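Structural description and commentary
What follows is the residue order along each chain.
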Amino acid sequence: MTALDLCRDDRFTLLCGAGDRPLRSVYCCDLLSLVMGRAPADCAWVTVMGNLNSIAVAVLTDAACIVLAEGMPLDADALNRARQEGVTVVATRLPVYEAAMAIRPEN
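Quick caveat: nothing in here was measured; it's all calculated off a predicted structure.

Cut-offs applied
Along each chain, numbering runs from 1 in the same order as the chain's sequence is written. Only residues with pLDDT of at least 70 get local features here, since the model is predicted, and only at 80 or more are side-chain atom pairs given and counted; chain-wide, interface and lining totals rely on the full set of residues. The side-chain quantities take in all heavy atoms of the structure and omit both hydrogens and water. Runs of E in the DSSP output that reach at least two residues are strands. Runs of H or I that reach at least four are helices, and both are numbered from the N terminus. Taken over C-alpha atoms, the radius of gyration is set against a globule rule of 2.2 Å times the number of residues to the power 0.38. With a 1.4 Å probe rolled over the protein chains alone, any residue whose accessible area is under 20% of its type maximum counts as buried; one over 50% counts as exposed, and the rest are partly exposed. By definition in these notes, contact holds between two residues if any of their heavy atoms fall within 4.5 Å. Each accessible area is a Shrake-Rupley estimate made with a 1.4 Å probe; only the visible protein chains count as cover when residues are assessed. Just to be clear on terms, a salt bridge is a Lys or Arg side-chain nitrogen sitting within 4 Å of an Asp or Glu carboxyl oxygen.

Here we look at the overall build of the protein
Of regular secondary structure, the protein possesses five helices and five strands. Going from the N terminus to the C terminus, the protein shows its helices and strands as α-β-β-α-β-α-β-α-β-α. A globule of 107 residues ought to have a C-alpha radius of gyration of about 13 Å, and the protein, at 12 Å, matches this closely. Scored against the burial criterion, the 107 residues of the protein give a buried share of 44%. Taking the intrachain contacts of the protein between residues at least 6 apart in sequence as the baseline, contacts between residues at least 24 apart amount to 50%. Of the roughly 5,500 Å² that the protein leaves accessible, carbon and sulfur atoms contribute 51%.

Right under this line is the structure:
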């Protein structure tokens, strides 16, 4: 599954990025220091943090995409940086757990 595949489900919306990287796992966390040390490369990172720091962490961890849950917005600075860095961001109104369960990683 890729972020584009995920967005075929009308509960998910692609905000930016190509969305074509395979999602190898799902990681849920909002504490950025934990994400930096524990999120695996090529993961779909499910969070409520839609700020500039989240984009930096996604780049650092080589996450395949950020999934913003709970209807949380991606702020304008973060959107601009995500575009510059080629970070895929997907939005959903689903709670974090439900969003994570909807993602089917490739093994």
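Next comes the rest of the description.
Things to note about the pattern of salt bridges
Under the definition given, this model contains five salt bridges. Where Arg-11 meets Asp-9, a salt bridge forms, and the shortest distance between an N and an O atom there is 2.6 Å. By relative accessible area, Asp-9 is classed as partly exposed at 23%. Between Arg-24 and Glu-106 there is a salt bridge whose closest N-O contact spans 3.6 Å. Taken as a pair, Arg-24 in the loop between β1 (12-16) and β2 (25-28) and Glu-106 in the segment after α5 (96-102) lie far apart in primary sequence, 82 residues in all. One continuous salt-bridge network, built from bridges that share partners, spans Arg-21, Asp-42 and Asp-62.

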